[in-house]
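Understanding the architecture of this molecule
Chain by chain, the residues run as shown.
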Amino acid sequence: MSSPPEVKIPLATQLTARRPDDIIKVMLATDNHIGYLERDPIRGQDAINTFKEILELAVKYDVDFILLAGDLFHENRPSRDCLYRTIALLREHCLNDKPVQVELLSDPDDGKADGFSFPAVNYEDPNLNVGIPVFSIHGNHDDPQGAGPEGALCALDLLSVTGLVNYIGKINLTSENANGESPGIKIKPVLLRKGQTQLALYGVGNVKDQRMHFELRSNRVRMYMPRNKDDWFNILLVHQNRVKHGPQEYVPEGMFDDSINLVVWGHEHDCRIEPEEVPGKPYFISQPGSSVATSLSDGEAIPKKVAFLEIQGKEFQMTPVPLRTVRPFVMEEVFLTEAAEEQNFSLTDKMAINKFLRSRVEALIKRAEDEWTERNNEAVENGDEPLDPMLPLVRLKVDTTGVAEMSNPIRFGQEFQGRVANPRDLLVFQRAKKVNRKAVKADQPELTIDDPDMTIQEKLAHVRVSELVEEYLGAQELQLLGEHGMSDAVQVYIEKADPEAIKTYVEKSFTTILKDVASKDVDEEDVEEALVKAKEAAEDDYKLKAEKRAKTKEKAKAKEKETTDKMEVDSMEEDGDYGAAVVQGADDDDEFEEPVPKKATTRGKKAAPAKTTKEKAAPKRAVATSKRSNTLFRDSDEDGIDEDEDEEEVASKPKKTGRAAVLNTIAKGPAKKRAGSTIATARATSGRATARAASKKMQAIEISDDD
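1. Describing helix H1 (residues 46-60)
The periodicity of an α-helix, 3.6 residues per turn, causes residues three or four positions apart to be oriented the same way. Here H1 is 15 residues long and its end C-alpha atoms lie 21 Å apart, about the 21 Å a rise of 1.5 Å per residue gives. Residues Asp46, Ala47, Ile48, Thr50, Phe51, Glu53, Ile54, Leu55, Leu57 and Ala58 constitute the buried set of H1. In this structure, the buried residues of H1 make contact with strand E1 (24-29), strand E2 (65-68), helix H2 (80-94), strand E16 (305-312) and strand E17 (315-322). Of the residues trailing H1, Asp62 is marked for its positive phi of about 55°.

If you want it as structure tokens, here you go:
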């Protein structure tokens, strides 16, 4: 088992003095994509087999729990067979009589399903024997959807109510305050303890990158911090774009709070599991990558691994563990112009080109077999069972610049049927882009289907769907349907997979035209001319409405940009917290407040003065301590809420989505006693019975309206 490479800050990557009773052991993985290509006769079981291996590794390394950073399933609605196998594997490996060594300090009911009595954290349920808890956030593939009475649900909700997975990081972004604005993202941690090591798990399920980018830059991501946060090891799970795909279509690495010690980054599939430093920030980032290849790209060809994470106090050590059941994947790129010079064949000789490509594929297959044999022999030497050989994934990227015509890649791949796992997409052709090929006029399409200088492959690879459809429909001389409207309907059908888009447009157009003609007194011989005029009128009306919609969108974007500019704060230059929840003891006459963001300022402009009000302040809420006087959230005199904002929160309480796992906003209630969240104070025990007995001793913190 290889150790992670040395990092510049050694204190955070190694355990200096090991104390076994204080070490929290975690199996770290992400992007399992169970159900990917499940109908494929060759690759259909790849994802579930690797997930089984991950669970077996968790048992082998005797971990305290498993941590997953999103995309457990490849689809939002996994098939019955997929759910069946996943549930069976979790039950087989995670339910047993092994005592759970980590003590839950946060409220076990925080996040439980509405209307039911069982807790949100499965090993606190006396009716379940959980040996290895699993904590997971959702990704962009298995995110919550729907608007039923229980709110947006996903497959993880099903696993959560079955008691097999602890679903964390579900965020409610729909609730609004009295001003109609979103209150931002609030993150409450799962607090765990083993011996002297205290761990806070912060989970943020996938949010659209533009929204997450906006919330971070606007300083509206607020984290509930435990009291004495410097004594806690804080892990943040995220599932966002790490690579920049656009101005706001990613999340910058340096935007997270300085109190975080380790960020576990999901969504990106290339394995960068060794902890990486972030310039100017005290935390590290670990990107485990996917456990199954879902595309034939360079990043997927990096060997797949999971991590065995050990945490002791404020130190951690991460050991990458290679996955054996991952299908071998090799790829190579060749340039035919260079190969023709070296191998001395003509670029017009298709047989010679195919012979060269066959030789390269044969070499790749041989390389994949050698890598599999080497990996298998190494595992056998370490005492593991040998695995049967698997057909490899092979991708040969061929640069065809200067080649007039190529053979069919699918027909070429059929020659390797039974020798590779992906014969249909074994070859991929590409050309170097031509620079300054010709000037593009602003009032004309960038590329048309009648361009004589482009090959058929280049047209298919670069032509825009909207332009292609519009040109085609314009050439057909439609008699009743407008070209622009029909083009938009086809584009919606293709890009948004809306099967009713074309039907809806056609029916609406026919109805409009028929009403127009029927409203006029038209002779039989003039019907055709009347239909043409009605079509032109309907097309003009459609264009006018389309222009109005475009202007409305531009105004909305300009308004949103103006709002963003007013609120924007570059949090990469901020060293403070985003906010902290405070729970005080009865001896302290303080409040229980939600995290409050810092005042947002715009660079180069003077900050606006703080709002003041003479109205009566909202009543303070005193909090009683438990018998052991364990206060889990830190005190902060800086965190204050404007009194007028408190009055607004009383007036408009955020609407619940129905799923208690949603991190709802803490709304201040009227002057009336009510029960607050329960804080676990039981000491960690070695046996399950004592752990359950300790959980019964947890006391509810009572919130009063005393000033």
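2. Details of the packing of helix H5 (residues 336-343) against helix H6 (residues 350-381)
Where H5 meets H6, the closest approach of the two axes is 11 Å, and the angle between their N-to-C directions is 95°. As far as their axial angle goes, H6 and H5 are roughly perpendicular. Residues Leu336, Ala339 and Gln343 of H5 lie in contact with H6, whose contacting residues are Ile353, Phe356 and Leu357. Of the residues that constitute the contact of H5 with H6, the class distribution is five nonpolar, one polar and no charged.

3. Quick look at the sheet that holds strand E7 (residues 166-167)
Ordered by their spatial adjacency, six strands build an open sheet running E7-E4-E2-E1-E16-E17, and the pairing between neighbours is mixed. Two strands bound the open sheet, and with one partner strand each, they are E7 and E17. In this sheet, E2 lies alongside E1 in parallel orientation, the contact comprising four bridges. Bridging across to E2, Ala29 finds its partner in Leu68. Along the sheet face, H1 touches E1, E2, E16 and E17 and points at about 170° away from the line of E1.

4. Thoughts on the sheet that holds strand E9 (residues 190-194)
Judged by pairing direction, the sheet is mixed, and its seven strands sit side by side in the order E3-E9-E10-E12-E13-E15-E14 without closing on themselves. Here the strands that pair on one side only, and so sit at the sheet edges, are strand E3 (103-104) and strand E14 (272-277). With five bridges joining them, strand E12 (residues 233-239) and strand E13 (residues 262-266) adopt parallel strand pairing. The residue of E13 that forms the bridge with Leu237 is Val264.

5. As for a nonpolar patch on the surface
A cluster of nonpolar side chains, contributed by Leu480, Phe510 and Leu514, occupies part of the molecular surface with about 250 Å² of accessible area. Judged by its relative accessible area of 55%, Leu514 is exposed.

6. Description of the confidence of the model for the chain
For the chain, the average pLDDT comes to 76, and 67% of its residues sit at 70 or higher. The spread of mean pLDDT over the elements of the chain runs between strand E22 (residues 699-703), the lowest at 36, and E2, the highest at 98. This model gives residues 567-707 a pLDDT under 50, and the stretch forms 306 contacts once residues within four places in sequence are excluded.

7. Observations concerning the packing of H1 against H2
In contact at an axis separation of 10 Å, H1 and H2 are set at 10° when each is read in the N-to-C sense. Here H2 runs roughly parallel to H1, going by the angle between their axes. In contact with Ile48, Phe51, Lys52, Leu55, Glu56 and Val59 of H1, H2 contributes Arg85, Thr86, Leu89, Leu90, His93 and Cys94.

Thresholds, definitions, all that
- Residues numbered from 1 in each chain as written.
- Predicted model: local features only at pLDDT ≥ 70, side-chain atom pairs only at ≥ 80, totals over all residues.
- Heavy atoms only, no water.
- Helix = DSSP H or I, 4+ residues; strand = E, 2+ residues; numbered from the N terminus.
- Expected span 1.5 Å × (residues − 1).
- Buried < 20%, exposed > 50% of the residue type's maximum accessible area, 1.4 Å probe, protein only.
- Contact = heavy atoms within 4.5 Å.
- Axes fitted to C-alpha atoms, helices over the stretch in contact; angles between N-to-C directions.
- Parallel < 35°, antiparallel > 145°, perpendicular 65-115°, else oblique.
- Nonpolar A, V, L, I, M, F, W, Y, C, P; charged D, E, K, R; others polar.
- Pairing = 2+ DSSP bridges.
- Patch = residues over 30% accessible without salt bridge, like charges linked within 9 Å, V, L, I, M, F, W, Y side chains within 5 Å.
- Areas by Shrake-Rupley, 256 points an atom, 1.4 Å probe, with all protein chains shown as cover.
- Salt bridge = Lys/Arg side-chain N within 4 Å of Asp/Glu carboxyl O.
- pLDDT = per-residue confidence, 0-100.

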